[in-house]
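# Structural features, examined
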Amino acid sequence: MMRFVWRLALGLSLPAIIPAPALAADVQRLAGNVSVLIGTSSNVLILPGKAGVLIVDDQRRSDVAETLAGVASVSPLPVRTVIDTHWHLDHSGGNAAFAAAGARIVAQRNVRLRRASEQYMVAYNSHIPPDPPEALPSLVYDDRLVLREGAEAIELIHLPNAHTDGDTLVHFRKANVIAMGDVFFNHIFPFIDRGSGGSIQGMIKGVDVALAMSDKRTRIVPAHGPVASRADLLTYRTMLATVARSVRQQVRAGRTAKEVVASHPAAAYRAGMEGEEDRFVEAIYDSYRDENIHHRL
Ligand SMILES: [Zn+2]
């Protein structure tokens, strides 16, 4: 009886006193306590905790206000932890602002190394200046790290030489949510940053790590594109592997990059796809050409 009265009292009075926080229009609840901001530059995962908020990726410096507004619609607390899925500035560009506001930045060791020195992105012919020391990741790991936030275990797994040499997959074990960073572009031909140590071989292996730890209820979050399911990730894996097989055969047959791109090995996957198909094929060519050179040595 007590319980019934208590529940009735809660049901009647709580909504009047504490209105349910309204999520920002670009924020979606995923599972458990995990939400995602579909941001201007990249998707940002948000996990509110008792003492502060954990986010995965903090977009560009110019998106900090948007990221903060998304976080504020989930929790009134400040961001305490930022996980960078990799060093690219559409994912780690907010680090300086969040670190200055008291957050610790967590990343795979290679992210800190790359952000500590000037980077040259061959694909965009652009020089990216280093971050000041106070904005660099203050907690780095090599292969695997587990953070705890209340009942949630947040597992960080390094996916070597995938999109870059410092990619982190973030697994929210209790919520059954996986953040893939740029190892998964949903409905977009992926960018593989060869200049930062990325490779098609590592991309496929990275996707396999996520497939092995997911089931049909897992919410899989790409850094760009809509939230996906395990079935969507499997479709993406098939696309990667099919295009890779065609390119590898052509590399072994001695074809040039130009010839391989002109053969359009990804043409069958164009429907509903964005991104740069030729650049994607070139990066695969480059990955296998290196492998071929290695084999001959
Ligand atoms: Zn990237």
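Our structure's up above, just so we're on the same page.
Summary of the structure given here. Nothing here was measured: the structure is a model prediction, and the numbers come from that model.

## Here we look at the sheet that holds strand β3 (residues 43-48)
Across the sheet, which stays open at both edges, the seven strands sit in the order β1-β2-β3-β4-β5-β6-β9 with mixed pairing between neighbours. Each of the sheet's edge strands pairs with one partner strand only, and the pair in question is β1 (27-31) and β9 (139-141). Within this sheet the neighbouring strands show an average axis-to-axis angle of 25 degrees, counted without direction. Of the pairings in the sheet, the one linking strand β4 (residues 53-56) to strand β5 (residues 79-83) comprises four bridges and is parallel in character. Looking at the pairing, V53 lines up with V79 of β5.

## Points about helix α7 (residues 230-252)
Between its first and last C-alpha atoms α7 spans 32 Å; for 23 residues at 1.5 Å apiece the expected length is 33 Å, and the two agree. Regarding α7, the residues found buried are L233, Y236, M239, L240, A241, V243, A244, V247, Q250 and V251. G254, located one to two residues past α7, shows a positive phi value of around 85 degrees.

## Some thoughts on the coordination of the zinc ion
With distances of 2.1 to 2.2 Å, the protein atoms coordinating the zinc ion are H86 (NE2), H88 (ND1), H163 (NE2) and D182 (OD). For the zinc ion, the four donor atoms in the first shell make angles of 88 to 169 degrees at the metal, a pattern classed as irregular. In primary-sequence terms, the residues that donate to the zinc ion follow H-x1-H-x74-H-x18-D. Of the two residues, H86 sits in the loop between β5 and α3 (89-92) while H163 sits in the loop between β11 (152-159) and β12 (167-172), which places them 77 residues apart along the sequence.

## Some details on the packing of aromatic side chains
This model, assessed by the stated rule, comprises three aromatic pairs. Relative to F191, the ring of Y124 has its centre 5.5 Å away and its plane inclined at 70 degrees; by these criteria the two rings are edge-to-face. Here F191 lies in the loop between β14 (188-189) and α6 (200-212) and Y124 lies in the loop between β7 (119-121) and β8 (126-128), a separation of 67 residues in the sequence. Classification of Y124 as partly exposed rests on a relative accessible area of 44%. A relative accessible area of 7% means that F191 is categorised as buried. Seen in terms of ring centroids, F184 and Y236 are 4.8 Å apart; in terms of plane orientation they differ by 55 degrees. Their pairing is tilted. Of this pair, F184 sits in strand β13 (residues 177-185) while Y236 is found in helix α7, placing the two residues 52 residues apart along the sequence. Here Y236 falls in the buried class, since its relative accessible area comes to 6%.

## Quick look at the sheet that holds strand β10 (residues 144-149)
Taken together, five strands build an open sheet; the order of strands is β10-β11-β12-β13-β15 and the sheet is mixed. The open sheet has two free edges, formed respectively by β10 and β15 (219-224), since each of these has just one partner strand. Averaged over all neighbouring strand pairs, the angle between strand axes comes to 25 degrees, with direction disregarded. Where β13 lies against β15, five bridges are found, and the strand directions are parallel. Across the sheet, the residue bridging to I178 is I220, located in β15. Sheet contacts for α6: β11, β12 and β13; angle to β13, the most-contacted strand, approximately 165 degrees. Running at roughly 25 degrees to β13, α7 makes contact with β13 and β15 of the sheet.

## Let's talk about the side chain of S199
In this structure, S199 sits in the loop between β14 and α6. Within the local environment of S199, its side chain forms a polar contact with the backbone nitrogen of G202, the two atoms lying 3.0 Å apart.

Reading the values: the criteria
Residues numbered from 1 in each chain as written. Predicted model: local features only at pLDDT ≥ 70, side-chain atom pairs only at ≥ 80, totals over all residues. Heavy atoms only, no water. Pairing = 2+ DSSP bridges. Helix = DSSP H or I, 4+ residues; strand = E, 2+ residues; numbered from the N terminus. Axes fitted to C-alpha atoms, helices over the stretch in contact; angles between N-to-C directions. Expected span 1.5 Å × (residues − 1). Buried < 20%, exposed > 50% of the residue type's maximum accessible area, 1.4 Å probe, protein only. Donors = N, O, S within 2.8 Å, 3.2 Å for Na, K, Ca; no water. Tetrahedral: all angles 85-135°; square planar, octahedral: opposite > 155°, others 65-115°. Phe/Tyr/Trp six-rings, centres within 6.5 Å; stacked < 30°, edge-to-face > 60°. Contact = heavy atoms within 4.5 Å. Polar contact = N/O pair within 3.5 Å; in protein donor to acceptor, adjacent residues only side chain to side chain.

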